[in-house]
Amino acid sequence: MENYNITTLNDFIILKQKDFPYAKGELSSLLHHIGTAAKMVNKKISKAGLIDIIGSSGEVNVHGENQQKLDVYADQVFIRSLLSSGECCGVATEENENEIVFSDTNASEGKYVVCIDPLDGSSNIDFNVSVGTIFSIYRRITQRGEKVRNDDFLQEGTKQVAAGYIIYGSSTMLVYSTGFGVNGFTLDPSIGEFCLSHPDIKTPEDGSIYSVNEGNYIHFPEGVKKYIKYCQEIDKDSVRPYTSRYIGSLVSDFHRNLLKGGIFLYPENEITPKGKLRLVYECNPIAFIASQAGGRATNGSISILEIIPSSLHQRSPFYAGSKNMVNKIEEFLHQYR
Ligand code: AHM
Ligand code: MG
């Protein structure tokens, strides 16, 4: 007899609606639409290589990077899905220079804005490496019915109402938080549903994995260089040396460390003086998940979640993961500043 005692993402969302006593289900509907878009993108990704979808679209995005075809597909699917939810009045994505304002009467009444990286790590797709979607939801600042403005999207990370990511890996998972802990759902392809597989995720306070692109070592700030050496040294308790693991796909690297305990580092360096990752739709949602799971995220000086963004695509140094490991890198950065 198969185990039918499953909780689907939609069951769970409805169940959790009571966490918001005055809510009318708008956030639930929005999360439901994100889950549906994720399934569509997942289907396409799983066929990469079989159909003419991998490779570059020939277009260049706002950052001067080649857009992969799947980047464009994922961008459109998430935007359309958010528009059709009727709960979202605008969206900012990695692929578009400016925020997209939903002027449709229904959508402009929506209470929320979404910031999203529709397909992160997409340069990995041609090589069958895991990629992800990262999203963050804020309550709008402008009044309902008004046109959303840039500052609706430039809120500090502490104001996130919900955030999460989808990992398209050996299985597909959706991990999200509405500020009451973190829960993970694995897509069961036989029924096409995300099913609760990782309830109430807590990340270990200490870990033994460090994840950084060490090819950039020579360009790193002194504190990071010293920290990497610290990770590689033998200590008296034999906890170190730590293991080094780096996929080059933020969601995958972070997700592994979240479950096993570890730290992800993308420092500023001489080539990218502000770091590489984008504050609004990469660092903030991941930082929200880290902190909801008992971990931390910092730019080296202050908590990622406390930074007030000044532009949609601004970059930030990023250190996220197990609390004590993030505290340690901060100590090193402080000492060698
Ligand atoms: P992208 O938004 O252009 O896909 O780049 C973001 C990705 C992250 O997933 C990953 O952590 C990082 O870039 C890897 O960068 P690098 O190749 O410099 O190590
Ligand atoms: Mg990205």
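Residues numbered from 1 in each chain as written. Chains lettered and ligands numbered in written order. Predicted model: local features only at pLDDT ≥ 70, side-chain atom pairs only at ≥ 80, totals over all residues. Heavy atoms only, no water.

## Some points on the sheet that holds strand β7 (residues 160-168)
Move 1: One open sheet holds the eight strands; their spatial order is β4-β3-β5-β6-β7-β8-β9-β10, and the pairing between them is mixed. Of all strands in the sheet, those with a lone pairing partner are β4 (100-101) and β10 (193-198), marking the two edges.
Move 2: In the sheet, strand β6 (residues 131-139) pairs with β7 via eight bridges, with the strands oriented antiparallel. Across the sheet, the residue bridging to Y138 is Q160, located in β7.
Move 3: Across the sheet, helix α3 (residues 69-85) touches β3 (88-93), β4, β5 (112-120), β6 and β7, and the angle it forms with β5 is around 160°. (Pairing = 2+ DSSP bridges. Helix = DSSP H or I, 4+ residues; strand = E, 2+ residues; numbered from the N terminus. Contact = heavy atoms within 4.5 Å. Axes fitted to C-alpha atoms, helices over the stretch in contact; angles between N-to-C directions.)

## Structural notes on the site of ligand 1
Move 1: Taken together, 16 residues lie near ligand 1, and D120, G121, Y246, L250 and Y266 sit nearest.
Move 2: For ligand 1, an oxygen atom lies 2.7 Å from a polar atom in the backbone of L250.
Move 3: Within the side chain of E282, an N or O atom sits 3.1 Å from an oxygen atom of ligand 1.
Move 4: Relative to its unbound accessible surface of 470 Å², ligand 1 loses 83% to contact with the protein.
Move 5: Applying the majority rule of atoms within 2 Å of the grid points places ligand 1 in the largest pocket.
Move 6: The set of elements that each furnish at least two residues to the shell around ligand 1 consists of β5 and β13 (263-266).
Move 7: When the residues that make up the shell around ligand 1 are grouped by side-chain class, the tally is four nonpolar, five polar and seven charged.
Move 8: A domain split of the shell around ligand 1 shows at least three residues from each of domain 1 (9-198) and domain 2 (209-335). (Near = heavy atom within 4 Å. Polar contact = N/O pair within 3.5 Å; in protein donor to acceptor, adjacent residues only side chain to side chain. Areas by Shrake-Rupley, 256 points an atom, 1.4 Å probe, with all protein chains shown as cover. 1 Å grid on protein atoms, 1.4 Å probe; cavity = no way out; pocket = protein on both sides within 12 Å on 5 of 7 lines; lining within 4 Å. Sits in = over half its atoms within 2 Å of the grid points. Nonpolar A, V, L, I, M, F, W, Y, C, P; charged D, E, K, R; others polar. Domains from an automatic or database assignment.)

## As for the packing of aromatic side chains
Move 1: Evaluation of the coordinates by the stated rule reveals eleven aromatic pairs.
Move 2: A ring pair is formed by Y230 and F332, whose centres lie 5.3 Å apart and whose planes are at 50°; its orientation type is tilted. Remark: F332 occurs in helix α9 (residues 323-335) and Y230 occurs in helix α6 (residues 222-232); sequence separation between them is 102 residues.
Move 3: One aromatic cluster in this structure is built from Y227, Y230, Y242, F332 and Y336.
Move 4: The side chain of K44 reaches across the aromatic face of Y73, ending 4.8 Å from its centre.
Move 5: Between the NZ or CZ atom of R240 and the centre of the ring of Y230, over which it lies, the distance is 3.7 Å. (Phe/Tyr/Trp six-rings, centres within 6.5 Å; stacked < 30°, edge-to-face > 60°. Lys NZ or Arg CZ within 6 Å of the ring centre and 35° of its normal.)

## Some words on the coordination of the magnesium ion (ligand 2)
Move 1: Donor atoms from the polypeptide that bind the magnesium ion (ligand 2) are E94 (OE), D117 (OD), D120 (OD) and E282 (OE), placed at 1.9 to 2.3 Å.
Move 2: Summarised as a motif, the one-chain spacing of the donors to the magnesium ion (ligand 2) is E-x22-D-x2-D-x161-E. Linking D120 in strand β5 with E282 in helix α8 (residues 279-292), this pair joins segments that are 162 residues apart in sequence.
Move 3: When its relative accessible area of 8% is taken as the criterion, D120 is described as buried. (Donors = N, O, S within 2.8 Å, 3.2 Å for Na, K, Ca; no water. Buried < 20%, exposed > 50% of the residue type's maximum accessible area, 1.4 Å probe, protein only.)

## A closer look at the domain arrangement of the protein chain
Move 1: Split into domains, the protein chain comes out as domain 1 (9-198) and domain 2 (209-335).
Move 2: Computed over C-alpha atoms, the centres of domain 1 and domain 2 are 24 Å apart.
Move 3: Each side of the interface is counted separately: domain 1 has 49 residues, and domain 2 has 31 residues.
Move 4: In this assembly, domain 1 packs against domain 2 so that about 2,800 Å² is buried in total across both faces, 65% of it on carbon and sulfur atoms.
Move 5: Of the charged contacts, one joins R278 and E94 as a salt bridge, the two residues approaching to 3.6 Å between their closest N and O atoms.
Move 6: Taken together, domain 1 and domain 2 are joined by ten residue pairs in polar contact (both at pLDDT 80 or more). (Buried area = accessible area lost by both parts, 1.4 Å probe. Salt bridge = Lys/Arg side-chain N within 4 Å of Asp/Glu carboxyl O.)

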